[in-house]
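An overview of the molecular structure
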Amino acid sequence: MRFYGEAVLKLSKQPPRDFAEELKSLVEKLNKEVLLKGAKHPEDGARITSFVIKDDEIFFNMESGRAVPIHVAILRIKNNLAPILGRKYKIGIRSLLLKDVRIELDEEFSVGVEVPIVEKIETKEGQTVITLKPLEESLLQKPILQRLISLIEEKEQRKRWGGKIEHWQKIKESRKKRIIFKDDPNVILERIGWISNIAPGQWFFTPPFTYIFRKFEEMLIDIVLKPLGFVEAIFPKMEPIEIGLKTGHLKGTPNQMVFASLPISYNIEEFEAWQDYVSIYGEADLEFLQKFVEPPKYYLCFAQCPPFYRFLSKTIFTDKHLPLKWFDRSGPSFRWEGAGGLRGIERLVEFHRVEIVWLGTPEQVIEIRNRLLERYEYFMDKALDLEWRWAWVTPWFLVHAGETEEMKEEIDINQPGTIDFEAYLPYKGDREDHRNWLEIGNISIHGAKYTKAFRIRHAAEKTLWTGCSGFGIERWVLAFLAQKGFERDSWPETVRKYIRDIPRGLEASNYPRPQYFDLKKLIERRVGIKEHGE
Ligand code: ATP
Ligand code: ZN
Ligand code: MG
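These numbers were taken from a predicted model, which means no experiment stands behind them.

Okay, the side chain of Lys177 next. Along the chain, Lys177 falls in the loop between strand E8 (166-173) and helix H5 (185-191). A polar contact of 3.1 Å, which involves the side chain of Lys177, links it to the side chain of Asp385.

Here the focus is the pattern of salt bridges. For the structure on display, the rule yields 38 salt bridges. Among the ionic pairs, Arg2 bridges to Glu63, the shortest N-O distance being 2.9 Å. Of this pair, Arg2 sits in strand E1 (residues 2-11) while Glu63 sits in strand E3 (residues 57-64), and the two are 61 residues apart along the sequence. Put simply, Lys177, Asp381, Lys382, Asp385 and Lys484 are held in one network by salt bridges that share partners.

This brings us to the coordination of the zinc ion (ligand 2). In this structure, Cys305 (SG), Glu355 (OE) and Cys468 (SG) serve as the protein donors to the zinc ion (ligand 2), at separations of 2.0 to 2.3 Å. Within one chain, the residues serving as donors to the zinc ion (ligand 2) are arranged as C-x49-E-x112-C. Of this pair, Glu355 sits in strand E18 (residues 350-360) while Cys468 is found in strand E23 (residues 465-472), placing the two residues 113 residues apart along the sequence. Per residue, the accessibility class of Glu355 equals that of Cys468, and both read buried.

Roughly 630 Å³ of volume is contained in the second largest pocket. In terms of lining residues, the second largest pocket is bounded by 14 residues, among which Ile144, Arg147, Leu148, Leu151 and Lys251 are the most central. The element best represented in the lining of the second largest pocket is helix H4 (residues 144-161), accounting for 7 residues.

Attention now goes to helix H6 (residues 207-225). Helical periodicity: at 3.6 residues per turn, an α-helix aligns residues three or four positions apart in one direction. Here H6 contains 19 residues, and its C-alpha end-to-end distance of 25 Å stays within 8% of the 27 Å for a straight helix at 1.5 Å per residue. Of all the 19 residues making up H6, 14 are buried; the element is thus mostly covered by neighbouring parts of the structure.

In this section: the site of ligand 1. Near ligand 1, the surroundings consist of 13 residues, among which Glu337, Arg347, Glu439, Ile440 and Asn442 are the closest. Contact with the protein chains hides 82% of the accessible area of ligand 1, taken as 590 Å² for the molecule alone. Counting only elements with at least two residues in the shell around ligand 1, the list comes to E18 and strand E21 (437-447). The dominant element in the shell around ligand 1, judged by the number of residues it contributes, is E21, at 4 residues. Residues of the shell around ligand 1, tallied by class, amount to 3 nonpolar, 3 polar and 7 charged.

Below, the discussion takes up the packing of aromatic side chains. Scanning the entire structure with this criterion turns up 31 aromatic pairs. Ring centres 5.2 Å apart and planes at 90° place the aromatic pair Phe288 and Phe292 in the edge-to-face group. Through a chain of ring-to-ring contacts, three or more aromatic side chains come together here, namely Phe235, Phe308, Tyr309, Phe311, Trp326, Tyr450 and Phe454. Sitting above the plane of the Tyr4 ring, Arg102 keeps its charged end 4.5 Å from the centroid. Lying across the ring of Trp437, Arg389 places its NZ or CZ 4.1 Å from the centre.

Analysis parameters
- Residues numbered from 1 in each chain as written.
- Chains lettered and ligands numbered in written order.
- Predicted model: local features only at pLDDT ≥ 70, side-chain atom pairs only at ≥ 80, totals over all residues.
- Heavy atoms only, no water.
- Helix = DSSP H or I, 4+ residues; strand = E, 2+ residues; numbered from the N terminus.
- Polar contact = N/O pair within 3.5 Å; in protein donor to acceptor, adjacent residues only side chain to side chain.
- Salt bridge = Lys/Arg side-chain N within 4 Å of Asp/Glu carboxyl O.
- Donors = N, O, S within 2.8 Å, 3.2 Å for Na, K, Ca; no water.
- Buried < 20%, exposed > 50% of the residue type's maximum accessible area, 1.4 Å probe, protein only.
- 1 Å grid on protein atoms, 1.4 Å probe; cavity = no way out; pocket = protein on both sides within 12 Å on 5 of 7 lines; lining within 4 Å.
- Points joined across faces, edges and corners; volume = space filled by probe spheres on them.
- Expected span 1.5 Å × (residues − 1).
- Near = heavy atom within 4 Å.
- Areas by Shrake-Rupley, 256 points an atom, 1.4 Å probe, with all protein chains shown as cover.
- Nonpolar A, V, L, I, M, F, W, Y, C, P; charged D, E, K, R; others polar.
- Phe/Tyr/Trp six-rings, centres within 6.5 Å; stacked < 30°, edge-to-face > 60°.
- Lys NZ or Arg CZ within 6 Å of the ring centre and 35° of its normal.

Next up, the structure:
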């Protein structure tokens, strides 16, 4: 990897001859010391190959290697010259510009990068050459060239992986369970009026479904979380954009996030034109509405745990404060899944999740994850009697070239990574086809990813890790109903203990649709809805 370019230092006035003489020895010193600092081999450092003073500008032709990228080098040059120019010659440095930057990478990359600083990217004979537009000093202060190179490498890797962004490997599974039900609960729930669609991926849950939904949440808390000492907190659900910037979601999944905007003003008078429009036309012109809202400063809850890290930002822990074990179930998550991907309560735009989070030393975080796995296994296998399997999935950003190949046979799960919990959905077809399984939850160890990004620290500088686990309530209910059906008598004992008196839902002349009323009666009898006055 080589960098080439020309830096222009603009001075407050033309320097005298003395300085021109002195600059020769200064450059020699820069080349021998300052520009090699941090480089193991001289070729990894930077070098001024030639320089010239013209009027009030100094031009440096430069070349550099990986350890001291060219923009870092020119800042070092400026910082070294500034005091000499100032003190001795009373000359200030007005501006700094880096021109004709060329980066040569020793690999052919086939991906492009769409940022304004890139002039062109060309590949030939095993090399990639990136040419940049002139860079102002404010840009040089950021690790902008390093980021550009990482981005190209990352995009190339993603491209080589194709559409497959996750590595999937089964690590545990239940025995095959007796399947007593083949129908699609999504369809049944809608026909009997327990759920009702209001917009793509958004449903109204009536009391009978809500009751079952809450009981699943309660079972999780009683059976998995309380025995392990997890306590409840309430996390905000509208997250400032900076949080998503730090977690990486804003970069990784902007196509799935629902953004939120504030009104342009709190002063209602500024909305007069809008109010007049709605009064006269009686409709909402959405183009016009855009004039009255700001660009989005927020996104709606997406991964649910990020506000936890934001809250802990800059907190300093000692051993006696750790580990931290909390969970949040205070509100919905929102994900745009593309209109084609939505289906009943299987894939929603607005869904509910219990998000479990923990923080501690690496040993604590692994231990807690392992205790959670034990309780989860008991919950899904014994309490709910589901047919399930677990898979080790490594998000592509954790996959470094070659690493996954080595992990083929034996996976060490006691390291950062994610385990998905999947349940078999008999209504979809054969259990052999992976498309007939649904991810109902997952559990992750993040390593120091978030403690680093949010500066969550230990007083003795011990490494701190985090973990999280998402329990998608709709999906657990769906998986259960899909495998066990609506006949309460055939449900496992624990579930029967929790789900006893399902309340009645909406009953009106046309709700549920009359042709499904028999179905509703049948289901209600099976799950044991109490008759009025009983
Ligand atoms: P999928 O691969 O099915 O899209 P995911 O990997 O995007 O799931 P995560 O980001 O890991 O899901 O979210 C954790 C949990 O949240 C999932 O296991 C699932 O229970 C739930 N979940 C995620 N997306 C949805 C959705 N669109 N509708 C309902 N539940 C969801
Ligand atoms: Zn999480
Ligand atoms: Mg998803």
